[in-house]
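Here are the chains, one letter per residue:
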Amino acid sequence: MTLLLAIIFFVFVVGALIHGYFSFANVEYSFREHPVQFIVVLLIMLGAAILCTYLFLKEVGVLK
């Protein structure tokens, strides 16, 4: 499950970076209109992806 969440978060971040905008919690974030909020939300999502990846690697036994 954590691997699936990590993949979803990474896809979300990469898609938002490629397109330059995304919609989250009924709010549209555009890099051109709100660059600070755009970057902050993407960093939070990237942190969640990294956390999920870490938890997956710990479950599998790669990390101790």
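Remember, predicted model here, so these are calculated numbers, not experimental data.

Reading the values: the criteria
Residues numbered from 1 in each chain as written. Predicted model: local features only at pLDDT ≥ 70, side-chain atom pairs only at ≥ 80, totals over all residues. Heavy atoms only, no water. Core = buried A, V, L, I, M, F, W, Y, C linked by side-chain atoms within 4.5 Å. Buried < 20%, exposed > 50% of the residue type's maximum accessible area, 1.4 Å probe, protein only. Helix = DSSP H or I, 4+ residues; strand = E, 2+ residues; numbered from the N terminus. Contact = heavy atoms within 4.5 Å. Pairing = 2+ DSSP bridges.

Novice: If you had to explain the nonpolar core to someone new, which residues and values would you point to?
Specialist: Counting residues in hydrophobic clusters, the biggest one holds eight residues: V13, A16, F22, Y29, F38, V41, L42 and M45. Looking at this core, the elements that each hand over two or more residues are α1 (2-19) and α2 (35-60). The element best represented in this core is α2, accounting for four residues. Dropping the residues within four chain positions of it, F38 is found in contact with A16, L17, G20, Y21, F22, Y29, S30 and F31.

Novice: Requested: an account of the side chain of S30, with residues and values cited.
Specialist: Relative to the helices and strands, S30 resides in strand β2 (residues 27-30). Overall, the relative accessible area of 17% leaves S30 in the buried class. Sequence-distant contacts of S30, defined by excluding residues within four places in its chain, comprise G20, Y21, P35 and F38.

Novice: Outline the pairing of β2, listing residues and values.
Specialist: Relative to β2, strand β1 (residues 21-24) runs antiparallel, the two sharing four bridges. Bridge pairing in β2 links S23 to E28. If you look at the hairpin formed by β1 and β2, you'll find two residues sitting between the two strands, and A25 has a positive phi there, around 55°.

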